[in-house]
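A structural walkthrough
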Amino acid sequence: VQLQAFGGGVVQPGGFLRLSCEASGLTFSRYFVGWFRQAPGKEREFAAAISGSGGITLLADSVKGRFTISRDNARDTVYLQMNSLKPGYTAVYYCAADRLLGNQAMSEKNDYTYWGQGTHVTVSS
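Below or above, wherever it landed, is the structure these notes cover. Nothing here was measured: the structure is a model prediction, and the numbers come from that model. (Residues numbered from 1 in each chain as written. Predicted model: local features only at pLDDT ≥ 70, side-chain atom pairs only at ≥ 80, totals over all residues. Heavy atoms only, no water.)

Okay, the sheet that holds strand S1 (residues 2-6) next. One key point about sheets: their strands pair by backbone hydrogen bonds, in either a parallel or an antiparallel sense. Spatially, the 4 strands line up as an open sheet ordered S1-S3-S8-S7, and their pairing is antiparallel. Each edge of the open sheet is held by one strand with a lone partner, namely S1 and strand S7 (67-72). In this sheet, neighbouring strand axes are inclined to one another by 15° on average, regardless of whether the strands run parallel or antiparallel. Bridge count for S1 against strand S3 (residues 17-24) is 5 bridges, and the pairing is antiparallel. Bridge pairing links Ala-5 to Cys-21 in S3. (Pairing = 2+ DSSP bridges. Helix = DSSP H or I, 4+ residues; strand = E, 2+ residues; numbered from the N terminus. Axes fitted to C-alpha atoms, helices over the stretch in contact; angles between N-to-C directions.)

In this section: the packing of aromatic side chains. Per the stated rule, a full pass over the model turns up 7 aromatic pairs. Ring geometry for Tyr-94 versus Trp-115: centroids 6.5 Å apart, planes at 75°, classification edge-to-face. Of this pair, Tyr-94 sits in strand S9 (residues 91-98) while Trp-115 sits in strand S10 (residues 114-115); the two residues are 21 residues apart in sequence, bridging distant segments of the chain. Judged by relative accessible area, Trp-115 falls into the partly exposed class, the value being 28%. Among the aromatic residues, those joined into a cluster by ring pairs are Phe-36, Phe-46, Tyr-94, Tyr-112 and Trp-115. (Phe/Tyr/Trp six-rings, centres within 6.5 Å; stacked < 30°, edge-to-face > 60°. Buried < 20%, exposed > 50% of the residue type's maximum accessible area, 1.4 Å probe, protein only.)

Let us look at the pattern of salt bridges. If you walk through the whole model with that rule in mind, you get 3 salt bridges. The residue Glu-45 makes a salt bridge to Arg-37 at a minimum N-O spacing of 2.8 Å. Classification of Glu-45 as partly exposed rests on a relative accessible area of 37%. The shortest N-O distance in the salt bridge between Arg-75 and Asp-72 comes to 2.9 Å. (Salt bridge = Lys/Arg side-chain N within 4 Å of Asp/Glu carboxyl O.)

As enumerated under the stated definition, the model contains 1 disulfide in all. Here Cys-21 engages in a disulfide with Cys-95; their sulfurs sit 2.2 Å apart. Taking the torsion about the sulfur-sulfur bond, which here is approximately 75°, the covalent link between Cys-21 and Cys-95 counts as right-handed. Here Cys-21 is found in strand S3, whereas its partner Cys-95 is found in strand S9, with 74 residues between them in sequence. Considered together, Cys-21 and Cys-95 belong to a single accessibility category, that of buried residues. (Disulfide = S-S within 2.5 Å.)

Membership of the largest hydrophobic core comes to 39 residues, with the highest contact counts inside it found for Trp-35, Phe-67, Val-78, Leu-80, Met-82, Leu-85 and Tyr-93. Those elements giving two or more residues to this core turn out to be S1, S3, strand S4 (32-38), strand S5 (45-50), S7, strand S8 (77-82), S9 and strand S11 (119-123). In this structure, Tyr-93 is in contact with Ala-5, Leu-19, Trp-35, Phe-36, Arg-37, Phe-67, Leu-80, Met-82, Gly-118, Thr-119 and Val-121, ignoring residues within four places of it in sequence. (Core = buried A, V, L, I, M, F, W, Y, C linked by side-chain atoms within 4.5 Å. Contact = heavy atoms within 4.5 Å.)

In this section: the pairing of S3. Where S3 and S8 come together, 6 bridges link them in antiparallel fashion. In the strand pairing of S8, Glu-22 is matched with Thr-77.

Shape is all these values report; function is a separate question.
This is the structure we're talking about:
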């Protein structure tokens, strides 16, 4: 299983980016995919997640109204559209995938088995 995150970069406050997470080696539509971010000196935190079918999405309160998560199972890809970016959103963004069976939670990073390498997002003027 391999996950590759793309789309990071440097953007001014108020700008936007779209991150992509491309998966291989798994039956993609059976997996939840989450986006987590880790700012310098801080713990990795949940940002957004989506169910295998795309019918269930979850966003952290800190990104509601700014981020949208979606997926294209024909392309084995999940997208994170990030609008109205703030300097506090500067972080490495990681995507992760898991079946999330039983009591596992979409927002719990320890419940995800497969992780991508991360993509850097810098919001700065």
